[in-house]
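Structure at a glance
If you want the building blocks of each chain, they are given just below.
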Amino acid sequence: MDLLALADFNLVARHGGFGRAARASGRPKATLSRRVSELEDGLDLRLFERGARTLKLTQEGRALHERTGSLLAELDETAAAIASGGNKPRGRLRISAPLLFSQTAMGKLAGAFALKYPEVRLEVTAEDRAVDMVEEGYDLVIRVNPDHDESLVGRIFLRDRLVVVASPDLARPADDHVVSAVFRGPADQAATWDFVSPTGKTRIVVDPVLRLSSVIMARDAVRSGAGAGRLPISLVSHDLTAGRLVHWGDVEGPEIALWTLYPSRRLLSARVSAFLEFLKEAFPSGVPEELAAFID
């Protein structure tokens, strides 16, 4: 396969047209068109659907772009690193991270990373939705308990757990008694909460007096005495130590695991490798107490 033709194909696919790709690269439009046509002939595949004014990737073209675009970028980075005499992290690093982790820890992490690697231009987007890494141009994503995806590889770098907490002014009810509760989000319709207290397994009936879309909002409402809440231990650790909240028990169920995910390929860019190592240094044991240290 002609790598130059493949690079030109990815250039056109990335910019969405021959004209835009030609203007962005300074290459003749006719040359780009010829290169892509030669690639299509060599593969015996149509990579673009060409309309009068539109250019759209075919299914085969999209698959080729997704699988080769990042690889070509890595080859360019590797060549540039060798030419400069090393593999020093540099260039843009785009990361998508969950909202709560971004609000509580990512600011400090990003600042420290920027000081350590001044030639990397870090961009972090805080969002809880599942992003398409290739389509949206992310180098790395951080997710909580992500669904399995064969196109991505990754590892757990932090663990957390849910606890039931309340203001000291809110009396803890006996089993099966009703207590006011603060819920995160409208979808949780649980009428009872099960947790493990120092005296054993406990079940309480909850009355959702508040439904809030943010975990931090829920914590602040629980602090005010509006009701009990099920919150990550890392988020309420300081409140428990200071006596602003009391611990009623630990919620049973799957652990909360934070993963770093990146495209499944052998070669990682120097900047992605640097950030992965940076997270490992920040959270060497991956326990909730290490995350709590980042939270004011």
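For the structure itself, consult the block above.
The rules we used
Residues numbered from 1 in each chain as written. Predicted model: local features only at pLDDT ≥ 70, side-chain atom pairs only at ≥ 80, totals over all residues. Heavy atoms only, no water. Helix = DSSP H or I, 4+ residues; strand = E, 2+ residues; numbered from the N terminus. Expected span 1.5 Å × (residues − 1). Buried < 20%, exposed > 50% of the residue type's maximum accessible area, 1.4 Å probe, protein only. Pairing = 2+ DSSP bridges. Axes fitted to C-alpha atoms, helices over the stretch in contact; angles between N-to-C directions. Contact = heavy atoms within 4.5 Å.

Re helix H1 (residues 3–15)
The first and last C-alpha atoms of H1 sit 18 Å apart over 13 residues, in line with the 18 Å expected at 1.5 Å per residue. Where H1 is concerned, the buried positions are Ala5, Leu6, Asp8, Phe9, Asn10, Leu11, Val12 and Ala13. At the exit of H1 stands Gly16, carrying a positive phi of roughly 80°.

Some words on the pairing of strand S9 (residues 192–197)
Every second residue of S9 is oriented toward a common face, the buried set being Trp193, Phe195 and Ser197 and the non-buried set Thr192, Asp194 and Val196. The pairing of S9 with strand S10 (residues 200–212) spans six bridges and is antiparallel. Considered in S10, the bridge of Val196 is made with Lys201. As paired strands, S9 and strand S12 (residues 246–251) are joined by two bridges and run antiparallel to one another. Along S12, the bridge assignment pairs Phe195 with Val251.

Description of the sheet that holds S10
The strand order S7-S11-S8-S10-S9-S12 describes a closed barrel built from six strands, whose pairing is mixed. Strand after strand, the sheet turns through a mean of 50° between neighbouring axes, direction not considered. Where strand S8 (residues 178–184) and strand S11 (residues 228–232) come together, two bridges link them in parallel fashion. In the strand pairing of S11, Val182 is matched with Gly229. Sitting on the sheet, helix H7 (residues 215–223) touches strand S7 (162–166), S8, S10 and S11, and the angle it makes with S11 is about 140°.

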